[in-house]
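# Examination of the molecular architecture
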Amino acid sequence: MFASFPQENRRDSQLVDFFRKQGVPAQQLMYLKDQQATTRRVKAAFTSLLSKTCDGDLLFFYFTGHGYKSDDGHKTFFAAYDAGYDIPGWSTESIIRDIDRYFKGSRALLTADSCYSGSLAVQIRKTYHRVSYAALTSSSANQLSTENWTFTEMLLAGFTGRAFADIDGDGQITLSELAEAVREDMAFAEDQRSSFTFTGRFSPGTVLARAELKPSPQVSRRVEVRPGGGWYHEWYKARIIDGRGGKFKVHYYGWQDSDDEWVRPNQIRNLIAPRDRWLTTTLSN
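These notes cover the structure that comes with them.

Each value, and the rule that gives it
Residues numbered from 1 in each chain as written. Predicted model: local features only at pLDDT ≥ 70, side-chain atom pairs only at ≥ 80, totals over all residues. Heavy atoms only, no water. Pairing = 2+ DSSP bridges. Helix = DSSP H or I, 4+ residues; strand = E, 2+ residues; numbered from the N terminus. Buried < 20%, exposed > 50% of the residue type's maximum accessible area, 1.4 Å probe, protein only. Contact = heavy atoms within 4.5 Å. Expected span 1.5 Å × (residues − 1). Salt bridge = Lys/Arg side-chain N within 4 Å of Asp/Glu carboxyl O.

## Points about the sheet that holds strand 4 (residues 90-91)
Sheet architecture is open: three strands sit in the order 2-3-4, paired in antiparallel fashion. Strand pairing shows two members of the sheet lacking a second neighbour, strand 2 (67-69) and strand 4, which therefore form its edges. In terms of strand pairing, strand 3 (residues 76-78) meets strand 4 through two bridges, oriented antiparallel. Within the sheet, the bridge partner assigned to Phe78 lies in strand 4 and is Trp90.

Following this line, the structure appears as structure tokens:
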């Protein structure tokens, strides 16, 4: 019923690798993808993992793929591998219910990169929960999401302490700062409205990572660039991720890291949008 995701440049795999490198024990990490992620297996694996948790644990949840709504629009489902007309997907309502029932820890950070992913935020706001939640998603509960990795790329950048994710340049990245970076990315690059909410004792000021120092004050800016030395006639949306010697390194939204390149200031136009006006400027170091 749903098209498969591409196998190249998968950011979900990179996210899993990050947690492994941070020393998360294998028995505390569950990663299912593609054919492994049938509805039955996902639900069973999730409840099994939750039942092994301990007091004080923090749960990190991430889903990427397709999201869809029931025919009456009242329920939202994440599409497992075999989800279709005969087999329903994984409802966001059941995800919260299982966490409340089986998770022995105190805080849960929920993230999702899919259509209607903001349903997670809606669910945690509905009633009082024993668990303190934070939800950060690529779209609202009623909005489609693109198939680009823009949301997950910023999630990775925040966890790994990339300089461009440190908006205020104070050397650390908080949850609320990451949410703001996601909001600006999704609005600028994907024309989407991301979702962020928190409940109970989950502080938005939670520090996620120590950040690299910014080599240039222009790092973090979202701009439009003419790639390939300026020979391209079109402008592409990008983010400045480095700046040295009067040049800037940019990452193009929706492109792979191998496409990152150093460009000159005359290849960049900086878009500032007060209300509905666009101002074109040139950057300098």
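From this point, the narrative continues.
## With respect to the side chain of Thr111
Tracing the backbone through its elements, the reader meets Thr111 in strand 5 (residues 107-113). A residue is classified by how much of its surface remains accessible, and Thr111, at 0% relative accessible area, is buried. In this structure Thr111 touches Phe60, Phe61, Tyr62, Phe63, Leu120, Leu136, Phe151 and Leu155, once residues within four positions along its chain are discounted.

## Topic: helix 4 (residues 119-126)
Within the span of helix 4, buried status applies to Ser119, Leu120, Ala121, Gln123 and Ile124. Packed against the buried residues of helix 4 are strand 1 (58-64), strand 3, helix 3 (92-102), strand 5, strand 6 (132-137) and strand 8 (195-198).

## Some words on unusual backbone geometry
The backbone of Asp34 shows a phi angle near 50 degrees, a positive value even though the residue is not glycine. Checked against the element boundaries, Asp34 lands in the loop between helix 1 (11-21) and helix 2 (39-51).

## A few points about helix 2
Its 13 residues place the ends of helix 2 19 Å apart at the C-alpha level, agreeing with the 18 Å of an ideal helix rising 1.5 Å per residue. Listed in full, the buried residues belonging to helix 2 are Thr39, Val42, Ala45, Phe46, Thr47, Leu49 and Leu50. Against strand 1, strand 4 and helix 3 lie the buried residues of helix 2.

## Notes on the pattern of salt bridges
Per the stated rule, a full pass over the model turns up 12 salt bridges. The salt bridge partner of Asp185 is Arg222, with a shortest N-O separation of 2.7 Å. Separated by 37 residues along the polypeptide, Asp185 in helix 6 (residues 175-190) and Arg222 in strand 10 (residues 222-225) bring together distant segments of the chain. As far as the burial class goes, Asp185 and Arg222 line up, both buried. The residue Asp185 makes a salt bridge to Arg239 at a minimum N-O spacing of 2.1 Å. Taken together, the residues Asp185 in helix 6 and Arg239 in strand 11 (residues 236-244) connect sequence positions 54 residues apart. You'll find Asp185 and Arg239 in the same group, each marked buried.

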